[in-house]
Amino acid sequence: MKRRWKRIFAGLLAALTLCLCPCFAGAAPPEDLPAVKTFRYATSGMCIEEFNRYQIKETARGRFAWIERHNDDHYVLPLTDEDMSSFSALVRALNLAEWNGYHEIDRYALDGASFSLSVEFEDGAVIDASGSNCFPRGYSEKASAIRDFFEKLMEEYGFDLNDLWL
């Protein structure tokens with residue numbers, strides 16, 4: 001009986017170690033990623049609510065978020081250094097780098113949903129991923145976190161997300 005508890009305790013300790021320190025799991029610590037330079041994420045599907053695009057681009061006058069919701073409403077919002085720092089931290093926390101190289105298509109689905117993601121970092125590193133009726137592990141949670149970042153930004157600028165511009 002004592003042996004069984006020792007094994008259970010050892011297993012739990014190993015699992016906790018892997019969860020708390022990605023270094024033990026063979027993954028690079030997410031803090032190693034540099035700041036995001038450009039960002040593009042788009043979704044599409046069978047209903048208008050699934051058509052969304054989120055971009056971050058740098059221009060001669062600064063960085064801007066370009067948001068397209070439901071294939072109709074467009075917003076261009078200036079980004080502060082604090083916004084970019086928060087967004088870079090979000091990309092690291094979500095570990096979007098694990099999606100790099102993901103390009104899957106379910107050729108047997110006649111309709112459905114798709115996504116594309118492109119991230120360029122200040123050091124030139126990139127993340128490039130896409131899927132059509134196929135999604136990487138943790139997709140829903142990570143996609144929601146990206147959407148939430150941009151929706152929060154819109155709310156901070158005073159846009160009512162329930163009052164779409166027509």
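Values in this document were obtained by computation on a predicted structure and should not be read as measured data.

**Q** Residues and numbers for the confidence of the model for the chain, please.
**A** Predicted coordinates in regions of low pLDDT should not be interpreted in detail. Across the chain, the average pLDDT comes to 82, with 75% of residues at or above 70. The spread of mean pLDDT over the elements of the chain runs between helix 1 (residues 2–20), the lowest at 48, and strand 7 (residues 126–132), the highest at 97.

**Q** Give me the lowdown on the pairing of strand 1 (residues 36–44), citing residues and values where you can.
**A** Put simply, side chains in a regular strand alternate between the two faces of the sheet. Summarising the sheet, strand 1 and strand 6 (residues 114–121) pair through 8 bridges and their orientation is antiparallel. Note on strand 6: the bridge partner recorded for T43 is F115. Bridge analysis of strand 1 against strand 2 (residues 52–59) gives 5 bridges, and the strand direction is antiparallel. Residue pairing across strands places Y41 opposite Y54, the latter belonging to strand 2.

**Q** Give a detailed account of the sheet that holds strand 7, specifying residues and quantitative values.
**A** The pairing of strands in a sheet comes from backbone hydrogen bonds and takes either a parallel or an antiparallel form. Strand order across the open sheet formed by 7 strands is 4-3-2-1-6-7-5, with mixed pairing between neighbours. Here the strands that pair on one side only, and so sit at the sheet edges, are strand 4 (73–78) and strand 5 (103–105). Strand-to-strand, the axes of this sheet are offset by a mean angle of 10 degrees, without reference to chain direction.

**Q** An account of helix 2 (residues 81–94) is needed here, citing residue identities and associated values.
**A** For helix 2, which comprises 14 residues, the first-to-last C-alpha distance of 20 Å matches the rise-based estimate of 20 Å (1.5 Å per residue) to within 8%. By the burial criterion, the buried members of helix 2 are D83, M84, F87, S88, L90, V91 and L94. For helix 2, the angular spread of buried residues about the axis comes to 155 degrees, placing them on one side. Structural note: helix 2 exposes D81, E82 and A93 on the side pointing more than 90 degrees away from its buried face. Of the surrounding secondary structure, the elements contacted by the buried residues of helix 2 are strand 1, strand 2, strand 3 (62–69), strand 4, strand 6 and helix 3 (139–156). Positive phi appears at N95, one or two residues downstream of helix 2, with a value of about 55 degrees.

**Q** Please set out the packing of helix 2 against helix 3 residue by residue, giving values where relevant.
**A** Closest axis-to-axis distance for the helix 2/helix 3 pair is 10 Å, and the angle between their directions is 165 degrees. What the angle tells us is that helix 2 and helix 3 run roughly antiparallel. In this structure, the crossing between helix 2 and helix 3 has a hand that is right-handed. Of the residues in helix 3, those touching helix 2 at D83, S86, F87, L90 and L94 are K142, A145, I146, F149, F150, L153 and E156. Each residue belonging to the contact of helix 2 with helix 3 can be placed in one class, and the counts come to 8 nonpolar, 1 polar and 3 charged.

**Q** A description of the environment of D123 should follow, citing residues and the corresponding values.
**A** Relative to the helices and strands, D123 resides in the loop between strand 6 and strand 7. Taking the C-alpha atoms as reference points, D123 and K37, 86 residues apart in sequence, are found 8.7 Å from one another. Engagement of the side chain of D123 in a polar contact is seen with the backbone nitrogen of A125, the distance being 2.9 Å.

**Q** How would you sum up the side chain of E151? Please name residues and give values.
**A** Inspection of the secondary structure assignment puts E151 in helix 3. The exposure class of E151 is buried, given its relative accessible area of 17%. In contact with E151, not counting residues within four places along its chain, are R69 and L161.

**Q** Explain the nonpolar core to me, and be specific about the residues and the numbers.
**A** Among the nonpolar cores identified, the biggest contains 33 residues, and F39, Y41, F87, L117 and F150 are the most heavily contacted of them. When contributions to this core are tallied by element, the ones reaching two or more residues are strand 1, strand 2, strand 3, strand 4, helix 2, strand 6, strand 7 and helix 3. No other element matches helix 3, which puts 7 residues into this core. Apart from the residues lying within four places of it in its own chain, the contact partners of F150 are F39, Y54, Q55, I56, A65, I67 and F87.

**Q** Would you mind going over the pattern of salt bridges in detail, with residue names and values included?
**A** Counted by the stated rule, this structure contains 8 salt bridges. Ionic pairing is found between E122 and R63, a salt bridge with its closest N-O pair at 2.5 Å. Taken together, the residues span a long stretch of sequence, with E122 in the loop between strand 6 and strand 7 and R63 in strand 3 at a distance of 59 residues. Using a relative accessible area of 43% as the deciding quantity, one classes E122 as partly exposed. Residue class for R63 comes out buried when judged on its relative accessible area of 17%. Between K142 and E98 there is a salt bridge, with its nearest N and O atoms 2.6 Å apart. Of this pair, K142 sits in helix 3 while E98 sits in the loop between helix 2 and strand 5, and the two are 44 residues apart along the sequence. In this structure E98 comes out as partly exposed when scored by relative accessible area, which is 42%.

Scoring rules and cut-offs
Residues numbered from 1 in each chain as written. Predicted model: local features only at pLDDT ≥ 70, side-chain atom pairs only at ≥ 80, totals over all residues. Heavy atoms only, no water. pLDDT = per-residue confidence, 0-100. Helix = DSSP H or I, 4+ residues; strand = E, 2+ residues; numbered from the N terminus. Pairing = 2+ DSSP bridges. Axes fitted to C-alpha atoms, helices over the stretch in contact; angles between N-to-C directions. Expected span 1.5 Å × (residues − 1). Buried < 20%, exposed > 50% of the residue type's maximum accessible area, 1.4 Å probe, protein only. Arc of directions from axis to C-beta. Contact = heavy atoms within 4.5 Å. Parallel < 35°, antiparallel > 145°, perpendicular 65-115°, else oblique. Left-handed = near helix turned anticlockwise from the far one by under 90°. Nonpolar A, V, L, I, M, F, W, Y, C, P; charged D, E, K, R; others polar. Polar contact = N/O pair within 3.5 Å; in protein donor to acceptor, adjacent residues only side chain to side chain. Core = buried A, V, L, I, M, F, W, Y, C linked by side-chain atoms within 4.5 Å. Salt bridge = Lys/Arg side-chain N within 4 Å of Asp/Glu carboxyl O.

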